[in-house]
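Here's the letter readout for the chains.
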Amino acid sequence: MPEPAHKPYRAVVIGASAGGLKALSAILPHLPADYPLPIMVVIHVPPHRRSLIAPLFEEKSQVRVVEAEDKTPIEGGCVFFAPPDYHLLVERSFELSLSSEAPVLFSRPSIDVLFETAADAYGDGLIGVILTGANNDGAAGLKAVMAYGGKGLIQTPATAFSRAMPEAAIEACPSALILDLDDILLELKNAA
Amino acid sequence: MPNAIARTEDIELRLLLEAIFLKYHYDFRNYALASIKRRLTQARDQFGCRSFSQLQDMVLNESGMMDELLGYLTVQVSELFRDPAYFRAIREKVVPHLKTYPSLKVWIAGCSSGEELYSFAILFREEGLEERTMFYATDINADALRKAEMGVYALERMKLFTENHRLSGGKSSLSDYYTAGYGAATFDKSLRKRTVFSDHSLVTDAVFAETQFVSCRNVLIYFTRDLQGRAIGLFKDSLTRNGFLGLGAKETLRFSPHADEFTEFSRDERLYQKRGGI
């Protein structure tokens with residue numbers, strides 16, 4: 001069935017690294033409880049086995065926030081964080097898979113891996129968001145998102161805690177929108 | 001929606017997996033697509049192929065190609081005592097149960113290059129269970145099995161392994177179990193004297209022994225949910241009543257058709273116990 005023209009988006013993926021917790025705090029807690037899209041997030045964290053990030057945001061947010069387990073069905077209005085030390089992948093069946101494959105650009109979880117597999121599953125129904133970070137993970141991923149017809153949003157480097165990641169994404173994706181965190185939040189709200 | 005290029009790629013990918021199955025009997029057709037597609041894309045680029053169809057031609061017609069591709073199709077990343085809390089829970093909570101059995105069989109399913117096996121062998125020796133235990137270490141990758149049987153790992157990994165072992169509640173020094181030389185750590189062969197290494201597929205093979213403990217960590221994540229169901233079914237059939245199943249740190253039986261046949265024995269460490277009477 002064709003989707004209504006004004007709501008073409010079906011999912012959001014977000015990637016962040018250094019300074020990412022603070023940037024995410026300007027977005028996730030401000031989404032309404034009935035936000036309809038699923039949001040998958042990779043934030044680079046040290047590979048400790050248990051992560052406190054999902055519970056931290058669950059506490060502050062109106063949407064549900066969980067750490068992804070293998071083959072979790074993707075649901076709208078839920079934020080799924082990649083667990084430490086695993087890649088997070090989106091299946092065509094709209095389930096989440098985990099993988100212990102080698103790190104990509106020294107990162108596991110890798111933003112590129114999430115974005116590329118999500119683009120493959122959602123095609124032009126995907127929004128990719130690159131936030132602050134100190135390496136170039138995510139640039140190739142966002143390029144894939146946009147190659148499939150999805151929308152790319154990048155945090156303005158000048159407002160980022162660390163500007164390398166947004167700058168690499170801008171270089172790879174010249175047609176992406178470059179926005180402050182407030183406007184990224186607004187875009188995500190309007191996309192739903 | 002996926003675009004036309006992606007759809008053509010998918011057709012070629014399915015044909016490649018079918019070709020591998022028909023010729024070599026390795027069945028990756030029901031592996032979770034996202035990960036296997038990524039890895040085969042790497043292989044395609046690495047072997048200088050333009051498409052999965054071209055890779056299919058190579059794997060069907062060039063000798064030795066399948067063995068090389070198997071390195072991409074199977075993921076081999078492990079550590080000794082990976083997730084130390086898992087092994088600590090086994091020591092503290094499972095071992096007391098296992099001590100009530102006169103003889104034990106333990107199945108390390110998807111053992112890869114053997115790190116999990118040596119972890120169990122050391123733990124069972126420390127806990128006084130080794131002499132009554134037979135280990136089965138199985139994998140589909142013959143090359144990985146050979147490495148497992150050799151028990152040689154890069155010396156630089158021993159720092160991490162030693163720390164993991166300590167955090168798992170290790171009762172001895174890890175260095176008691178290997179000899180170091182030429183940048184490598186060679187584990188004592190007495191650790192594997194009670195181990196049978198075997199080629200076994202969770203996708204196409206049947207149960208081969210009655211076991212009291214199955215450890216299968218970070219293997220099922222590469223399967224679709226249907227295929228996971230088959231593998232868990234094998235574990236259930238292999239386990240004795242009240243036998244134990246250990247999964248990876250982020251794996252769960254929650255979405256499995258076999259969920260009702262197990263109880264959560266130690267939730268955080270993903271240790272399950274087969275219910276009595278099944």
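If you're wondering where the values come from, they're calculated on a predicted model, not measured in any experiment. (Residues numbered from 1 in each chain as written. Chains lettered and ligands numbered in written order. Predicted model: local features only at pLDDT ≥ 70, side-chain atom pairs only at ≥ 80, totals over all residues. Heavy atoms only, no water.)

Another aspect to go through is the sheet that holds strand 1 (residues 104–109) of chain B. Residue and element names in this part refer to chain B. As summarised here, the arrangement of the seven strands in space is 6-2-1-7-8-10-9, forming an open sheet in which the pairing is mixed. Strands at the two margins of the open sheet, each flanked by one partner only, are strand 6 (195–199) and strand 9 (262–266). On average, each strand axis in the sheet is tilted by 20° relative to the strand beside it, whichever way the strands run. Of the pairings in the sheet, the one linking strand 2 (residues 133–139) to strand 6 comprises five bridges and is parallel in character. Of the residues in strand 6, the one forming a bridge with Tyr136 is Val196. Lying over the sheet, helix 5 (residues 84–98) contacts strand 1, strand 7 (211–216), strand 8 (239–247), strand 9 and strand 10 (271–274), oriented at roughly 170° with respect to strand 7. Across the sheet, helix 9 (residues 225–238) is in contact with strand 1, strand 7, strand 8, strand 9 and strand 10; its angle to strand 8 comes to roughly 140°. (Pairing = 2+ DSSP bridges. Helix = DSSP H or I, 4+ residues; strand = E, 2+ residues; numbered from the N terminus. Axes fitted to C-alpha atoms, helices over the stretch in contact; angles between N-to-C directions. Contact = heavy atoms within 4.5 Å.)

This brings us to the sheet that holds strand 3 (residues 64–67) of chain A. All names here are of chain A. Taken in spatial order, the seven strands of this open sheet run 3-5-2-1-8-9-10, and their pairing is parallel. Each end of this open sheet is capped by a strand with a single partner; those strands are strand 3 and strand 10 (177–179). Neighbour-to-neighbour, the strand axes of this sheet turn through a mean angle of 20°, independent of strand direction. Two elements, strand 2 (residues 39–43) and strand 5 (residues 78–81), share three bridges in a ladder whose sense is parallel. By the bridge assignment, Ile39 is partnered in strand 5 with Val79. Running at roughly 165° to strand 1 (residues 11–16), helix 3 (residues 111–122) makes contact with strand 1, strand 2 and strand 8 (126–130) of the sheet.

When the UniProt feature table is mapped onto this chain numbering, "domain: CheR-type methyltransferase" (unreviewed entry) sits at residues 10–253 of chain B. End-to-end, the C-alpha atoms of residues 10–253 of chain B are 29 Å apart, and along that stretch the chain is 44% helix and 18% strand. (UniProt positions renumbered as here; feature names shortened; annotations may be inferred.)

Let us look at the interface of chain A and chain B. With 35 residues of chain A in contact, the opposing surface of chain B contributes 33 residues. With both chains or domains summed, chain A and chain B bury close to 2,700 Å², and 44% of this area falls on carbon and sulfur atoms. Seen at the junction of chain A and chain B, the total is ten salt bridges. In this structure, Asp10 of chain B and Arg92 of chain A form a salt bridge, with 2.2 Å as the shortest nitrogen-oxygen distance. Counting the contacts that link chain A with chain B gives 17 residue pairs in polar contact (both at pLDDT 80 or more). Going through the elements one at a time, strand 4 (72–73), strand 6 (87–90), strand 7 (95–99) and helix 3 of chain A are the ones with two or more residues in the side of chain A that touches chain B. At six residues, helix 3 of chain A tops the list of elements feeding residues into the side of chain A that touches chain B. Residues belonging to the side of chain A that touches chain B are distributed by class as follows: 13 nonpolar, six polar and 16 charged. (Buried area = accessible area lost by both parts, 1.4 Å probe. Salt bridge = Lys/Arg side-chain N within 4 Å of Asp/Glu carboxyl O. Polar contact = N/O pair within 3.5 Å; in protein donor to acceptor, adjacent residues only side chain to side chain. Nonpolar A, V, L, I, M, F, W, Y, C, P; charged D, E, K, R; others polar.)

Residue and element names in this part refer to chain A. One can describe the packing of helix 4 (residues 139–147) onto helix 5 (residues 164–172) by two numbers: an axis separation of 8 Å at closest approach and a directional angle of 40°. The orientation of helix 4 with respect to helix 5, classified from their angle, is oblique. Regarding helix 4 and helix 5, the two cross each other, and that crossing is right-handed. Of helix 5, the residues touching helix 4 (which contributes Ala139, Leu142 and Lys143) are Ala168, Ala169 and Ala172. (Parallel < 35°, antiparallel > 145°, perpendicular 65-115°, else oblique. Left-handed = near helix turned anticlockwise from the far one by under 90°.)

Next up on the list: the domain arrangement of chain B. Residue and element names in this part refer to chain B. For chain B, the assigned domains read domain 1 (4–73) and domain 2 (84–274). Averaged C-alpha coordinates put domain 1 and domain 2 at centres separated by 30 Å. The interface is formed by nine residues belonging to domain 1 together with nine residues belonging to domain 2. Of the roughly 810 Å² buried where domain 1 meets domain 2, counting both sides, 64% is carbon and sulfur surface. On the domain 1 side of the interface with domain 2, the three residues burying the most area are Asn30, Tyr31 and Ala32, jointly 50% of the side's total. (Domains from an automatic or database assignment.)

Residues and elements named next belong to chain B. Its place among the elements puts Val59 in helix 3 (residues 52–61). Sequence separation of Val59 and Leu16 is 43 residues, and the distance between their C-alpha atoms is 8.7 Å. Setting aside residues no more than four positions away along its own chain, Val59 makes contact with Leu16, Ile20, Tyr24, Met65, Met66 and Leu69.

Take the packing of helix 3 of chain A against helix 4 of chain A next. All names here are of chain A. Packing of helix 3 against helix 4 leaves a shortest axis separation of 7 Å and a crossing angle of 10°. By the criterion of interaxial angle, the relationship of helix 3 to helix 4 is roughly parallel. Touching Asp112, Phe115, Glu116 and Ala119 of helix 3 are Ala139, Ala140, Gly141, Leu142, Ala144 and Val145, all from helix 4. Partitioned by chemical class, the residues of the contact of helix 3 with helix 4 number seven nonpolar, one polar and two charged.

Attention shifts here to the UniProt feature "active site" (unreviewed entry) in chain A. Residue and element names in this part refer to chain A. This chain's UniProt record puts "active site" (unreviewed entry) on Ser17, His44 and Asp137. In terms of the greatest pairwise C-alpha distance, the residues named above, spread along 121 residues, form a tight cluster of at most 9.8 Å across. Note that Ser17 resides in the loop between strand 1 and helix 1 (20–25). Those residues in contact with Ser17 that lie beyond four places of it in its chain are Ile43, His44, Thr132, Gly133, Ala134 and Met165. Structurally, the position occupied by Asp137 is in the loop between strand 8 and helix 4. A residue is classified by how much of its surface remains accessible, and Asp137, at 0% relative accessible area, is buried. (Buried < 20%, exposed > 50% of the residue type's maximum accessible area, 1.4 Å probe, protein only.)

With that out of the way, let us pick up helix 5 of chain A. All names here are of chain A. Listed in full, the buried residues belonging to helix 5 are Met165, Pro166, Ala168 and Ala169. Down the axis of helix 5, the sector holding all buried residues measures 160°, keeping them to one side. Buried-residue contacts for helix 5 involve strand 1, helix 3, strand 8, helix 4 and strand 9 (151–155). (Arc of directions from axis to C-beta.)

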